[in-house]
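# Fold and geometry: a report
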Amino acid sequence: MAGAAVALAALLGACTGGMDDKQVSLQLPQLTLPNPAAQAEKPTAEQRENARILASYGGVYNDAKLHVMVSQLVDRLVAASEKPEQKYDVTILNSPAVNAFALPNGQLYITRGLIALANDKAELASVMAHEMGHVIARHAEIREDQARQAALVSHVVSDVVSDPQMGALALAKSKLALASFSRAQEFEADGIGVGISARAGFDPYGASRFLTDMQRNADLKQSSNDIHESADFLSNHPATPDRVRNALANARQFSSPGPGERDRNEYLRDLDGLVYGEDPSEGFVRGRRFLHPKLGFTFTAPPGFTLDNTAQAVLGLKDGGGEAMRLDVVSVPAEQTLPDYLKSGWMDKVDPQSVEEFTINGFPAATTTAKGEQWSFRLFAVRFGSDVYRFIFAAKTMTPQTDHSFRDAIMTFRRMSLKESQQVRPLRLKAVTVGKNDTVASLAHRMAVDHPAERFRALNGLGPHDNIKPGELVKLVE
């Protein structure tokens with residue numbers, strides 16, 4: 001995973017100049033009529049953050065039944081909280097990432113990926129109560145105050161302290177205080193959340209179970225070379241073993257294991273039909289192949305690559321981390337030729353002598369090379385309708401064979417047929433009853449996912465040696 005992060009950071013950051021300013025999402029924008037009055041009003045900080053969250057997490061996931069279930073659960077938690085007068089509004093995000101967060105005004109966000117991972121209402125309640133804990137404890141405001149204090153220390157050090165070693169020590173202490181305080185906030189929110197869940201009548205041990213579920217899911221992602229790790233809950237929360245121990249200690253203050261509602265069967269039935277993984281309408285990955293039925297194209301990455309579809313781009317990484325790729329869509333004026341675009345300065349150190357024009361399955365295209373300090377690049381631009389798709393392939397060692405594999409991959413870019421687009425359907429969760437002869441292996445075999453047995457266990461909160469029992473409900477991906 002460290003190799004993936006380094007490779008992608010090099011590819012998506014240092015190698016280009018101004019890429020983020022020019023890229024647009026592969027997701028189709030929703031058209032809205034201009035409202036002069038609204039344009040005149042400056043959006044609030046919460047409105048700006050809400051817009052950023054929706055753009056980053058696939059927008060709203062519209063499922064009336066699921067929204068009612070989550071909203072009723074939150075209402076129950078609010079009534080049992082320290083501040084029952086606080087108003088909350090819940091948004092379910094259309095993202096497979098496992099994440100949840102809150103804004104200071106009480107806006108709560110939870111991804112369908114997190115809802116899918118939870119195994120009962122007590123587990124979901126533990127997450128929502130944790131986020132409510134941040135709001136109740138005013139952690140956002142406190143964190144801003146800490147950041148301002150750290151900035152002040154930095155200013156004083158740079159302007160007043162003449163001893164470089166003393167200055168470095170003061171800066172280090174201020175940053176350490178800010179980091180440890182953030183960690184303390186997370187544990188405080190855990191404690192508040194467990195208390196709210198317990199007073200609301202939910203099993204207080206739901207928090208420790210769900211934290212364990214998250215760690216198993218994270219372990220599975222890591223073993224699967226999943227490169228989309230930055231959006232998940234564990235990436236910005238304390239280490240799970242510490243949180244599990246803390247959650248257990250908090251739960252024991254309220255009861256021994258057993259009491260408290262879990263409502264597992266009701267919860268799993270509410271999840272039946274939930275979209276699992278990527279939403280095909282926004283493009284999706286199947287092995288090395290990426291398909292976007294709404295935009296009508298598909299391509300296949302080079303052998304050994306793992307693909308990940310994000311809101312901003314399709315990212316790819318080869319086993320071992322020595323090769324990487326990025327696909328995004330950019331705005332290029334119709335009068336600007338593709339060779340001129342490649343030489344227009346959005347990437348540094350492009351070799352103008354290497355630019356060449358050609359066609360890919362009938363679509364105009366151009367390619368060139370660029371050289372960085374640690375990476376070599378093969379760039380492609382393909383005009384598809386009114387859009388231009390930009391492929392950036394990178395290799396630490398660019399051999400003729402590597403460059404040939406990049407060229408082979410770009411030649412797989414083509415228009416999807418109408419039949420292909422119509423046949424695309426999302427994967428969904430299905431709640432099934434375990435039969436007398438069912439096993440983990442037999443049920444996992446029905447799932448259309450990678451590592452089905454491991455995925456089945458992670459999805460159903462099962463450890464490596466846990467078994468399923470006839471008559472109980474479990475989640476499948478079909």
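What comes next concerns the included structure. Predicted model only: the values in this text are computed from it and were never measured. (Residues numbered from 1 in each chain as written. Predicted model: local features only at pLDDT ≥ 70, side-chain atom pairs only at ≥ 80, totals over all residues. Heavy atoms only, no water.)

A separate point is the overall build of the chain. Secondary structure assignment for the chain yields 17 helices and 18 strands. Relative to its 478 residues, the chain shows a buried fraction of 47%. Expressed as a percentage of contacts within the chain between residues at least 6 apart in sequence, the contacts between residues at least 24 apart total 66%. (Helix = DSSP H or I, 4+ residues; strand = E, 2+ residues; numbered from the N terminus. Buried < 20%, exposed > 50% of the residue type's maximum accessible area, 1.4 Å probe, protein only. Contact = heavy atoms within 4.5 Å.)

Attention now goes to the packing of helix H5 (residues 64-79) against helix H7 (residues 121-136). Across the interface, H5 lies against H7 with an axial gap of 10 Å and an inter-helix angle of 60°. Classified by the angle their axes make, H5 and H7 are oblique. Remark: the crossing between H5 and H7 carries right-handed chirality. Two secondary-structure elements touch here, H5 through Met69, Val70, Leu73, Val74, Leu77 and Val78 and H7 through Lys121, Leu124, Ala125, Met128, Ala129 and Met132. A per-class count over the contact of H5 with H7 returns 11 nonpolar, no polar and one charged. (Axes fitted to C-alpha atoms, helices over the stretch in contact; angles between N-to-C directions. Parallel < 35°, antiparallel > 145°, perpendicular 65-115°, else oblique. Left-handed = near helix turned anticlockwise from the far one by under 90°. Nonpolar A, V, L, I, M, F, W, Y, C, P; charged D, E, K, R; others polar.)

A few words now on the nonpolar core. Within the largest apolar cluster, 67 residues are counted, with the highest numbers of intra-cluster contacts made by Leu77, Ile110, Ile115, Leu124, Met128 and Phe456. When residues in this core are grouped by element, the largest group, nine residues, is from H7. Apart from residues no more than four positions distant in its own chain, Leu77 is found in contact with Ala125, Met128, Ala129, Met132, Ile196, Ser197, Ala200 and Phe202. Core analysis: the next-biggest nonpolar cluster, separate from the first, contains 26 residues, Leu295, Leu307, Phe363 and Phe380 among them. (Core = buried A, V, L, I, M, F, W, Y, C linked by side-chain atoms within 4.5 Å.)

The next point concerns the packing of aromatic side chains. Tallying each qualifying case throughout the model produces 19 aromatic pairs. For the ring pair Phe290 and Phe297, a centre distance of 5.9 Å and an interplane angle of 45° mean the geometry is tilted. On the accessibility criterion, Phe297 (0% relative accessible area) is buried. Between Phe391 and Phe413, the aromatic rings sit 5.9 Å apart at their centres with planes inclined by 90°, giving edge-to-face as the arrangement. Taken together, the residues span a long stretch of sequence, with Phe391 in strand E15 (residues 387-395) and Phe413 in the loop between helix H14 (400-410) and strand E16 (414-415) at a distance of 22 residues. Judged by its relative accessible area of 0%, Phe391 is buried. Ring-pair connections join several aromatic residues into one group, and the members of that group are Phe290, Phe297, Phe299, Phe358, Phe363, Phe380, Phe384, Tyr389, Phe391, Phe393, Phe406 and Phe413. (Phe/Tyr/Trp six-rings, centres within 6.5 Å; stacked < 30°, edge-to-face > 60°.)

In this section: the pattern of salt bridges. In the structure shown here, the tally under the stated rule is 21 salt bridges. Ionic pairing is found between Arg209 and Asp120, a salt bridge with its closest N-O pair at 3.0 Å. On the criterion of sequence distance, the pair formed by Arg209 in helix H10 (residues 206-223) and Asp120 in the loop between helix H6 (112-117) and H7 is long-range, its members being 89 residues apart. Linking Asp328 and Arg390 is a salt bridge whose minimum nitrogen-to-oxygen distance equals 2.9 Å. On the criterion of sequence distance, the pair formed by Asp328 in strand E11 (residues 323-330) and Arg390 in strand E15 is long-range, its members being 62 residues apart. Like Asp328, the residue Arg390 is buried in the burial classification. Each of Asp120, Glu123, Asp203, Arg209 and Arg262 takes part in salt bridges that share partners, so that together they form one network. (Salt bridge = Lys/Arg side-chain N within 4 Å of Asp/Glu carboxyl O.)

What follows deals with the pairing of strand E10 (residues 314-318). Of all five residues in E10, four are buried; the element is thus mostly enclosed. Examined bridge by bridge, strand E9 (residues 305-309) and E10 share five bridges and lie antiparallel to one another. If you follow Asp308 over to E10, its bridge partner there is Leu315. The hairpin turn running from E9 into E10, its antiparallel successor, is four residues long. Hairpin connection, E10 to E11: the antiparallel pair is bridged by four residues, and Gly320 has positive phi, about 95°. (Pairing = 2+ DSSP bridges.)

This paragraph deals with empty space enclosed by the protein. Evaluation of the coordinates by the stated rule reveals one cavity of 30 Å³ or more. Taken as a whole, the largest cavity spans an internal volume of roughly 90 Å³. Considering the residues around the largest cavity, the lining is formed by 13 residues, among which Ser126, His130, Asp190, Leu211 and Arg243 are closest to the centre. Residues that form the lining of the largest cavity fall into these classes: eight nonpolar, three polar and two charged. (1 Å grid on protein atoms, 1.4 Å probe; cavity = no way out; pocket = protein on both sides within 12 Å on 5 of 7 lines; lining within 4 Å. Points joined across faces, edges and corners; volume = space filled by probe spheres on them.)

Bringing the sheet that holds strand E7 (residues 289-292) into the picture now. Spatial ordering of the open sheet is given by E6-E7-E8-E16, a layout of four strands whose pairing is antiparallel. Whereas interior strands pair on both sides, the edge strands pair on one side only; in this sheet they are strand E6 (284-286) and E16. Inspection of the sheet shows E6 paired to E7 by three bridges, in the antiparallel sense. From the neighbouring strand, Val285 faces E7, where its bridge partner is Phe290.

The subject of this paragraph is unusual backbone geometry. Positive phi values are uncommon outside glycine, yet Asp263 reaches one of about 50°. Tracing the sequence through the fold places Asp263 in the loop between helix H11 (240-252) and helix H12 (264-271). You can call Asp263 partly exposed: its relative accessible area is 27%. Positive phi is not limited to glycine here, since His451 has a value of about 45°. Within the secondary structure layout, His451 lies in the loop between helix H16 (440-444) and helix H17 (452-459).

Right, let's get into H12. When we look at burial in H12, the residues that qualify are Tyr267, Leu268, Asp270 and Leu271. Along the axis of H12, the buried positions cluster into a sector of 155°, meaning they face one direction only. In the core, the buried residues of H12 are packed alongside H5, H6, H7, strand E17 (427-433) and strand E18 (473-477). Within two residues after H12, Gly273 carries a phi angle of roughly 95°, on the positive side. (Arc of directions from axis to C-beta.)

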